[in-house]
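Here's the letter readout for the chains.
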Amino acid sequence: MQTMRSDNIEAAVVQMFDPRRCLIVPRITYVKRIISHECDLLICTANNYLIEVEIKTSASDIRADVKKRHQHRSDYIKHLYFAIPKKLCTEANLKYIPADAGVITVDEVQASFGTFYMASYHRRAKVRGKQKISDNDLIFILRNLQMKFWSNLNHKRLKSKQ
């Protein structure tokens, strides 16, 4: 079995949170006064609360997160989750994840049609921030997502013409 890639974890987490019910934005870096650090996944619930998911693929990746100055703090992030491969869900690794953060494990499942990845809660997150985002903040996030989408699409088009 290979090392689980971050895009495998991301896809499983997105499926778990269900993009039909939540706005899920990958790799967002800055949202005005709301978030001043990069989020691997930023999820906005139907009630305008934010959930941050930090994706980790290795034990060293988990340990390195402790050194980040921002510590994933924001009054607007209600819950913080770390999404990790199930095989990394050990006491030795969990001690580096903040006690108030939740843990989502992702398991590689072999089926007759191929491999898929399934996410599940190992530990639920405690409430960190209680501030909802405004509709204007949500529009700002959507604009950010739209710019990223079109920039990536244009980059792919230019690359395919070469």
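As a starting point, this report considers the structure included with it. On a predicted model such as this, the values are computed, not experimentally measured, just so you know.

Structural notes on the sheet that holds strand 4 (residues 77-85)
At step 1: As summarised here, the arrangement of the six strands in space is 1-2-3-4-5-6, forming an open sheet in which the pairing is mixed. Looking along the sheet, the strands with just one partner apiece sit at the ends: strand 1 (23-28) and strand 6 (114-123). Adjacent strand axes in the sheet meet at a mean angle of 25°, parallel and antiparallel pairs treated alike.
At step 2: As defined by bridge partners, strand 1 adjoins strand 2 (residues 39-44) across five bridges and the pair is classed as antiparallel. Along strand 2, the bridge assignment pairs Val 25 with Leu 42.
At step 3: Where helix 1 (residues 6-17) meets the sheet, its contacts fall on strand 1, strand 2, strand 3 (50-55), strand 4, strand 5 (102-111) and strand 6, and the angle it forms with strand 6 comes to roughly 65°.

Regarding the side chain of Glu 52
At step 1: With respect to the helices, strands and loops of the structure, Glu 52 is situated in strand 3.
At step 2: No salt bridge is formed by the buried Glu 52; the nearest opposite charge belongs to Arg 128, separated by 6.0 Å.

So, the state of the cysteines
Two cysteines, two sulfur atoms, one covalent bond between them: this is a disulfide.
At step 1: Evaluation of the coordinates by the stated rule reveals zero disulfides.
At step 2: There is no disulfide at Cys 22, and the cysteine sulfur nearest it, in Cys 44, is 8.0 Å away.
At step 3: Accessibility expressed as a relative area gives 5% for Cys 44, which makes it buried.

Some words on the pairing of strand 4
Strand residues, when the strand is regular, have side chains that alternate between the two faces of the sheet.
At step 1: Taking burial as the measure, the nine residues of strand 4 include eight buried ones, the bulk of the element.
At step 2: Of the pairings in the sheet, the one linking strand 3 to strand 4 comprises six bridges and is parallel in character. By the bridge assignment, Glu 52 is partnered in strand 4 with Leu 80.
At step 3: Summarising the sheet, strand 4 and strand 5 pair through five bridges and their orientation is parallel.

Section: helix 1
At step 1: With 12 residues, helix 1 extends 16 Å from end C-alpha to end C-alpha; this agrees with the ideal 16 Å at 1.5 Å per step.
At step 2: Three or more residues of helix 1 are buried, namely Asn 8, Ile 9, Glu 10, Ala 12, Val 13 and Phe 17.
At step 3: At its buried positions, helix 1 is contacted by strand 1, strand 2, strand 3, strand 4, strand 5 and strand 6.
At step 4: Backbone geometry just downstream of helix 1 places Asp 18 in the positive-phi region, at approximately 65°.

Notes on the pattern of salt bridges
Pairing is possible between side chains of opposite charge, provided their charged atoms come close.
At step 1: Considering all chains together, one arrives at eight salt bridges under this definition.
At step 2: The closest approach of N and O atoms between Asp 61 and Lys 56, which form a salt bridge, is 3.5 Å.
At step 3: Classification of Asp 61 as partly exposed rests on a relative accessible area of 24%.
At step 4: Under the relative-accessibility criterion, Lys 56 is labelled buried at 3%.
At step 5: Lys 56 is the partner of Asp 65 in a salt bridge, and the nearest nitrogen-oxygen pair spans 3.0 Å. The residues Asp 65 and Lys 56 share a single accessibility class, namely buried.
At step 6: The network of salt bridges with shared partners includes Glu 54, Lys 56, Asp 61 and Asp 65.

The rules behind the values
- Residues numbered from 1 in each chain as written.
- Predicted model: local features only at pLDDT ≥ 70, side-chain atom pairs only at ≥ 80, totals over all residues.
- Heavy atoms only, no water.
- Pairing = 2+ DSSP bridges.
- Helix = DSSP H or I, 4+ residues; strand = E, 2+ residues; numbered from the N terminus.
- Axes fitted to C-alpha atoms, helices over the stretch in contact; angles between N-to-C directions.
- Contact = heavy atoms within 4.5 Å.
- Buried < 20%, exposed > 50% of the residue type's maximum accessible area, 1.4 Å probe, protein only.
- Lys, Arg positive; Asp, Glu negative; His and termini not counted.
- Salt bridge = Lys/Arg side-chain N within 4 Å of Asp/Glu carboxyl O.
- Disulfide = S-S within 2.5 Å.
- Expected span 1.5 Å × (residues − 1).

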